[in-house]
Amino acid sequence: MIDYVAKTKDFVKMELEGAEGGHDWFHIERVYKNALLIADKSPDCNRLVVELAALLHDIADSKFNDGDEEIGPAKARGFLRAIGVPEEVEQHVVDIIANISFKGGNFEASFSSLELQIVQDSDRLDALGAIGIARAFNYGGFKNRALYNPDIAPEMTMSKEAYKKADGPTINHFYEKLLLLKDKMNTEAGRAVAQERHRFMELFLAQFYSEWEGDK
């Protein structure tokens, strides 16, 4: 019997070797672990779909491919077909990858399933808390963005296209995405973890502003 999950892990590790630190194999591994935890509390889910989608969800992130949202689903489909994954599983995984992204939060998804909800929550959890803070500043540094500029306000009503092109200070990203995720979680298990990580980010921001103003 083919071990689809093991083959997928090997493929993803190879494909993401040298990737930006917030979207590398370790990000995938954390999302995968989150997905397993939530799936354990969701007995009606298709576990194989959850595992494969969690592993492949960032196989070709559009941020690193000139905004191309088709390359990730296409690369995942090609790989899954090559290892002989059943067609219905392949399609479900591809649909999840095509619909998982935040994209500014102001758009209607074209697909929904319990498995998408689980993987989406798992990915969003990795954008929260201490890891989420580290990833935000790592990506901001990768893009040579300012840490913070009090003269540049967050943009809270961006379209999907505007969100993809945004280049504001990293602190703005907290308001444009990270602090919004708590209320966008799909599963009860995901919401519980998100609440705690959200509070940590609020404490971080309070400390950040105090240090910025020289109060502490």
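These numbers were taken from a predicted model, which means no experiment stands behind them.

**Q** Just to check I follow, could you spell out the overall build of the protein chain for this structure?
**A** Summing up its helical and strand segments, the protein chain has 10 helices and zero strands in all. Reading the secondary structure of the protein chain in the N-to-C direction produces α-α-α-α-α-α-α-α-α-α. Out of the 216 residues in the protein chain, the part that is buried amounts to 46%. Partitioning the intrachain contacts of the protein chain with sequence separation of at least 6 by distance along the chain shows that 67% fall at a separation of at least 24. When the accessible surface of the protein chain is summed, it comes to about 11,300 Å², and 50% of that surface belongs to carbon and sulfur atoms.

**Q** How do you make sense of helix H2 (residues 25-40) when you look at a structure like this?
**A** Three or four residues apart is the spacing at which side chains of an α-helix point the same way, because the helix has 3.6 residues per turn. With 16 residues, H2 should reach 22 Å at 1.5 Å per residue; the first-to-last C-alpha distance of 22 Å fits that figure. Every buried residue belonging to H2 is among Trp25, His27, Ile28, Val31, Tyr32, Asn34, Ala35, Leu36, Ile38 and Ala39, and all of these are buried. Structurally, H2 contributes buried residues whose contacts are with helix H1 (4-15), helix H3 (47-56), helix H6 (114-125), helix H7 (129-142) and helix H10 (188-212).

**Q** Got a minute to help me understand the environment of Val85 in this structure?
**A** Here Val85 shows up in the loop between helix H4 (71-82) and helix H5 (87-99). Relative accessible area serves as the criterion here: at 6%, Val85 is assigned to the buried category. Separated by 33 residues in sequence, Val85 and Leu52 have C-alpha atoms that sit 10.0 Å apart. Discounting chain neighbours no more than four positions away, the residues touching Val85 are Tyr4, Leu52, Leu80 and Glu90.

**Q** Help me out: how do you make sense of the nonpolar core in this one?
**A** Side chains that are nonpolar tend, in soluble globular proteins, to be buried together. Judged by nonpolar contacts, the single largest core of 52 residues is most densely connected at Val12, Leu52, Leu56, Val93 and Phe174. The dominant element in this core, judged by the number of residues it contributes, is H2, at eight residues.

**Q** What am I meant to see in the pattern of salt bridges here?
**A** Any two side chains of opposite charge can pair, on the condition that their charged atoms come close. Within this structure, the stated rule accounts for eight salt bridges. Across the pair Glu15 and Lys75 runs a salt bridge, and its minimum N-O distance is 3.1 Å. Taken together, the residues span a long stretch of sequence, with Glu15 in helix H1 and Lys75 in helix H4 at a distance of 60 residues. Glu15 sits in the partly exposed class, given a relative accessible area of 33%. Close ionic contact of Arg77 with Glu90 constitutes a salt bridge, the shortest N to O distance being 2.9 Å. Highlighted residues: Arg77 in helix H4 and Glu90 in helix H5, separated in sequence by 13 residues. According to the relative accessible area criterion, Arg77 is partly exposed, its value standing at 24%. One salt-bridge network, in which partners are shared between bridges, spans Arg30, Asp126 and Arg135.

Cut-offs applied
- Residues numbered from 1 in each chain as written.
- Predicted model: local features only at pLDDT ≥ 70, side-chain atom pairs only at ≥ 80, totals over all residues.
- Heavy atoms only, no water.
- Helix = DSSP H or I, 4+ residues; strand = E, 2+ residues; numbered from the N terminus.
- Buried < 20%, exposed > 50% of the residue type's maximum accessible area, 1.4 Å probe, protein only.
- Contact = heavy atoms within 4.5 Å.
- Areas by Shrake-Rupley, 256 points an atom, 1.4 Å probe, with all protein chains shown as cover.
- Expected span 1.5 Å × (residues − 1).
- Core = buried A, V, L, I, M, F, W, Y, C linked by side-chain atoms within 4.5 Å.
- Salt bridge = Lys/Arg side-chain N within 4 Å of Asp/Glu carboxyl O.

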